[in-house]
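Here's the letter readout for the chains.
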Amino acid sequence: MDARSPHMSPDVAGWRADAPTTKSLAEVNSTVAIPAAGRWWRRLLAFVGPGYLVSVGYMDPGNWATDLAGGSKFGYTLLSVILLSNLMAILLQSLAARLGIVTDRDLAQACRATYSPAVNFLLWLACEAAIIACDLAEVIGTAIALKLLFGIPLIGGALLAALDAFLLLILMNRGFRFLEAFVIALLAVIAVCFVVQIAAAAPPVAEVLRGFVPKSEIFTNSDMLYIAIGIIGATVMPHNLYLHSSIVQTRAYERNDTGRREAIKWATTDSTIALMLALFINAAILVVAAATFHKSGHSDVAEIGQAFELLSPLLGLGIASTLFAVALLASGLNSTVTATLAGQIVMEGFLNLRLPSWARRLLTRGIAIVPVIIVTAIYGERGTADLLVFSQVVLSMQLPFAVIPLVRFVSDRRKMGQFAIPTSVAAVAWIVAGVIVILNVKLLADTLFG
């Protein structure tokens, strides 16, 4: 019998008979109490948290690069891509939460319990590539923020970024709710910073709304398509699917059909609300870039440092650039926490390999810091800006390797029982997966053959 699904045999449940039954993030699994009775909002508040940890990945420094490039070069046109990618994210994250709640497995564990060792190893490599690409964006973003705020050289900032390897360890020792509170507080800082900048930019509302309507030129203009795919890669992040399927299990909901059904409802509500905040932040970055840089003829602003220098003069608000840098630093710190957690989940889920969180973080940080230092030394800030956008395209290329298994699992009645998604939802999910694959094939073809 499967220890985490005692009412199903391994064959009925659709898992391999030799699948391990270790709990995901065992040290915090089922540690957050859920009130057994009381008003509905108390139960919702008990589930609030995982969605905001997931939303961090949708507004990390990599998003800033693609949103700035899209807004400054093409105005409000790519707002439709941000909206589309956010809707895709809401759907996929709800599926990830459902998988974790119903099966008591995170996505990595579900893959390990389904596929052969060789396939699992390849999936792990693809996911590690995505985490390294994400880590690359965090290192660059944190280093740039430190330079803008304190004048620390980029190489020095990149080295200092390695010290945040211990941040997650400190937060986790205080309890998972403390970790969630820390993340939500930094998200509030980012939101306030951009509310002020949006107010100062005063973009024309009609043009902004028109930007949310998709246009055919996004597909016909290769430069626009490249940035659009980068936005999708920066928004729908593969490691977030692994992360969400694990951290929803920190809630001590009843592990029966009634408890799981309610947990799915509240977890989906939590992630949907949190991802709407991510939509606002991403749209705000692009709108500020469009209203400030594109409008004034600075259509080549793709570097965060360049945006910092131009914001205050163009907006006529002295504090605008400082707010921009503070939000960037908050974004980098938040992304550090969630990417570290995702890395732990992926390594434990696919390989059943457990490393101390500080060792895991130093390893991935080291892999990310080396290319940043090399590129900065050879090409300067311009090189790091290109590297930042490229990292988001790499993330997009890894998406199918997470999305396809996820959709397959939650559609499988042997694995999910009565909680398998309806045919209509499965059809939409497979369309989303198909769109991601098609866009990535086109991007690869354009990159290889011009």
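Just above, that's the structure.
Residues numbered from 1 in each chain as written. Predicted model: local features only at pLDDT ≥ 70, side-chain atom pairs only at ≥ 80, totals over all residues. Heavy atoms only, no water.

*Asks:* I'd like a rundown of the packing of aromatic side chains, residues and numbers included.
*Replies:* What the rule picks out here adds up to five aromatic pairs. Centroid distance Y115 to F409: 5.9 Å. Interplanar angle 35 degrees. Geometry classified as tilted. Taken together, the residues Y115 in the loop between α6 (107-112) and α7 (117-150) and F409 in helix α19 (residues 381-411) connect sequence positions 294 residues apart. One residue, R174, lies across the ring of F178, its end atom 4.2 Å from the ring centre. Looking at K415, its charged tip hangs above the ring of W15, at a distance of 4.9 Å from the centre. (Phe/Tyr/Trp six-rings, centres within 6.5 Å; stacked < 30°, edge-to-face > 60°. Helix = DSSP H or I, 4+ residues; strand = E, 2+ residues; numbered from the N terminus. Lys NZ or Arg CZ within 6 Å of the ring centre and 35° of its normal.)

*Asks:* Can you tell me about helix α5 (residues 79-103), naming the residues and giving the values?
*Replies:* For α5, built from 25 residues, the straight-helix expectation of 36 Å at 1.5 Å per residue is met to within 8% by its first-to-last C-alpha distance of 36 Å. Of all 25 residues in α5, 21 are buried, a share of seventy percent or more. Where α5 ends, the next residue or the one after it, D104, has phi of about 60 degrees, a positive value. (Expected span 1.5 Å × (residues − 1). Buried < 20%, exposed > 50% of the residue type's maximum accessible area, 1.4 Å probe, protein only.)

*Asks:* For the packing of helix α16 (residues 304-315) against helix α17 (residues 320-351), give the residues involved together with the corresponding values.
*Replies:* A packed helix pair is summarised by two numbers, namely the angle formed by the two axes and the spacing between the axes. At a closest axis distance of 7 Å, the pairing of α16 and α17 adopts a crossing angle of 145 degrees. Residues I304, A307, F308, L311, S312 and L315 of α16 pack against A320, S321, T322, F324, A325 and L328 of α17. A class-by-class count of the residues in the contact of α16 with α17 yields nine nonpolar, three polar and no charged. (Axes fitted to C-alpha atoms, helices over the stretch in contact; angles between N-to-C directions. Contact = heavy atoms within 4.5 Å. Nonpolar A, V, L, I, M, F, W, Y, C, P; charged D, E, K, R; others polar.)

*Asks:* Tell me what's going on with a nonpolar patch on the surface, and back it up with residues and numbers.
*Replies:* Nonpolar side chains collect at one region of the surface, where I404, W430, V437 and V441 lie side by side and expose about 320 Å² of accessible area between them. By residue number, the principal contributor to the nonpolar patch is helix α21 (residues 423-449), which donates three residues. Following the sequence through the fold, V437 ends up in helix α21. (Patch = residues over 30% accessible without salt bridge, like charges linked within 9 Å, V, L, I, M, F, W, Y side chains within 5 Å. Areas by Shrake-Rupley, 256 points an atom, 1.4 Å probe, with all protein chains shown as cover. Salt bridge = Lys/Arg side-chain N within 4 Å of Asp/Glu carboxyl O.)

*Asks:* Account for the pattern of salt bridges, with residues named and values stated.
*Replies:* With the rule as written, the count across this model stands at eight salt bridges. In this structure, the salt-bridge partner of K73 is D223, at a minimum N-O distance of 3.8 Å. Residue K73 is found in helix α4 (residues 61-74), and its partner D223 is found in helix α13 (residues 222-235); the two are separated by 150 residues along the sequence. Overall, the relative accessible area of 37% leaves K73 in the partly exposed class. Taken together, the shared-partner salt bridges connect D104, R255 and R260 into one network.

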